[in-house]
Amino acid sequence: SQTIHQWPATLVQPVGSPLSLECTVEGTSNPNLYWYRQAAGRGLQLLFYSVGIGQISSEVPQNLSASRPQDRQFILSSKKLLLSDSGFYLCAWSLAGGGQYFGPGTRLTVT
Amino acid sequence: GENVEQHPSTLSVQEGDSAVIKCTYSDSASNYFPWYKQELGKRPQLIIDIRSNVGEKKDQRIAVTLNKTAKHFSLHITETQPEDSAVYFCAATPYNQGGKLIFGQGTELSVKP
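Residues numbered from 1 in each chain as written. Chains lettered and ligands numbered in written order. Predicted model: local features only at pLDDT ≥ 70, side-chain atom pairs only at ≥ 80, totals over all residues. Heavy atoms only, no water.

(A) A look at the state of the cysteines. Applying the stated rule across the entire model yields two disulfides over all chains. Between the sulfur atoms of A:Cys23 and its disulfide partner A:Cys91 the distance amounts to 2.0 Å. Here the disulfide of A:Cys23 and A:Cys91 is left-handed, its torsion about the S-S bond being about -75 degrees. Of this pair, A:Cys23 sits in strand 3 (residues 19-26) while A:Cys91 is found in strand 9 (residues 87-94), placing the two residues 68 residues apart along the sequence. Grouping residues by exposure puts A:Cys23 and A:Cys91 together as buried. With its sulfur 1.9 Å from that of its partner, B:Cys23 forms a disulfide with B:Cys90. Taking the torsion about the S-S bond as the criterion, the B:Cys23 to B:Cys90 disulfide, at about -100 degrees, is left-handed. Of the two residues, B:Cys23 sits in strand 3 (residues 19-25) while B:Cys90 sits in strand 9 (residues 86-92), which places them 67 residues apart along the sequence. (Disulfide = S-S within 2.5 Å. Helix = DSSP H or I, 4+ residues; strand = E, 2+ residues; numbered from the N terminus. Buried < 20%, exposed > 50% of the residue type's maximum accessible area, 1.4 Å probe, protein only.)

Written out as structure tokens, the structure reads:
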């Protein structure tokens, strides 16, 4: 069966510091991968998605970036965090035509 | 692009009653409509989905209906239980866009014992 991992689970970072969140999927090949952000009490905002290695589509212009160095690895990065970057970051995977399955998430607080 | 509207934003029912959450979408080419349940502090969980070639789908106490002509779909929960309390999100998948989901704003369902 498929499993999706995210780390770290929680993170507290000062404004202006860099960020790297990692997501890996096990048990499947060539998944579509997604990064979402959820502000407290709000909906799910799609940040990036990828249909293959090195292929990244950005949904929202901001100070975040994403990379997919391996088939089942998806990384979310920032060079300088803003207060507004605080939130619950969720990675998800899907196969073509199927539903998306979310990882456990990373709760980021920027101070 | 696709836009999904979800109503109501909050819903309170008595245990044993039914709950209905409605969503509308704008892109007639969207072809896949999942529903997610998110408990406080947890990840969203896929609970049921429907494709554009089907009008209704049931799974025990939950069902989803789709009206392609009107571009709306609904989640029905019967015999609600306190553990059904959560935020529910509908979503639509635009055709040929990497499977990305456009989510509704969410409905906070509270089931009172």
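(B) Geometry of the pattern of salt bridges. What the rule picks out here adds up to six salt bridges over all chains. As a salt-bridge pair, A:Arg37 and A:Asp85 come within 3.4 Å of each other at their nearest N and O atoms. Highlighted residues: A:Arg37 in strand 4 (residues 32-38) and A:Asp85 in the loop between strand 8 (73-78) and strand 9, separated in sequence by 48 residues. Residue A:Asp85 is classed as buried on the basis of its relative accessible area of 2%. Across the pair B:Lys37 and B:Glu39 runs a salt bridge, and its minimum N-O distance is 3.6 Å. (Salt bridge = Lys/Arg side-chain N within 4 Å of Asp/Glu carboxyl O.)

(C) Structural view of the pairing of strand 7 (residues 62-67) of chain B. All names here are of chain B. For strand 6 (residues 56-59) and strand 7, the ladder comprises four bridges, and the chain directions are antiparallel. Each residue of the ladder has a partner; that of Asp 59, found in strand 7, is Ile 62. Pairing geometry for strand 7 and strand 8 (residues 72-77), over six bridges, is antiparallel. Note that in strand 8 the partner of Leu 66 across the bridge is Phe 73. The antiparallel pairing of strand 7 with strand 8 creates a hairpin that spans four residues between the two strands, and Lys 71 there sits at a positive phi of about 55 degrees. (Pairing = 2+ DSSP bridges.)

(D) Here's a closer look at the sheet that holds strand 7 of chain B. Residues and elements named next belong to chain B. Spatially, five strands are ordered 1-3-8-7-6 in an open sheet, and the strand pairing comes out antiparallel. Two strands bound the open sheet, and with one partner strand each, they are strand 1 (4-7) and strand 6. Here the average twist between neighbouring strands, direction ignored, is 15 degrees. (Axes fitted to C-alpha atoms, helices over the stretch in contact; angles between N-to-C directions.)

(E) Region of interest: the nonpolar core. Formed by 24 residues in total, the largest nonpolar core has its most connected members in B:Trp35, B:Phe73 and B:Leu109. For this core, the elements supplying multiple residues, two or more each, are strand 2 (10-14), strand 3, strand 4 (32-38), strand 5 (45-51), strand 7, strand 8, strand 9 and strand 11 (107-112) of chain B. Not counting residues up to four positions away in its chain, the partners in contact with B:Leu109 are B:Leu11, B:Val13, B:Ala19, B:Ile77, B:Asp84, B:Ser85, B:Ala86 and B:Tyr88. Core analysis: the next-biggest nonpolar cluster, separate from the first, contains 20 residues, A:Cys23, A:Phe48, A:Ala66 and A:Leu76 among them. (Core = buried A, V, L, I, M, F, W, Y, C linked by side-chain atoms within 4.5 Å. Contact = heavy atoms within 4.5 Å.)

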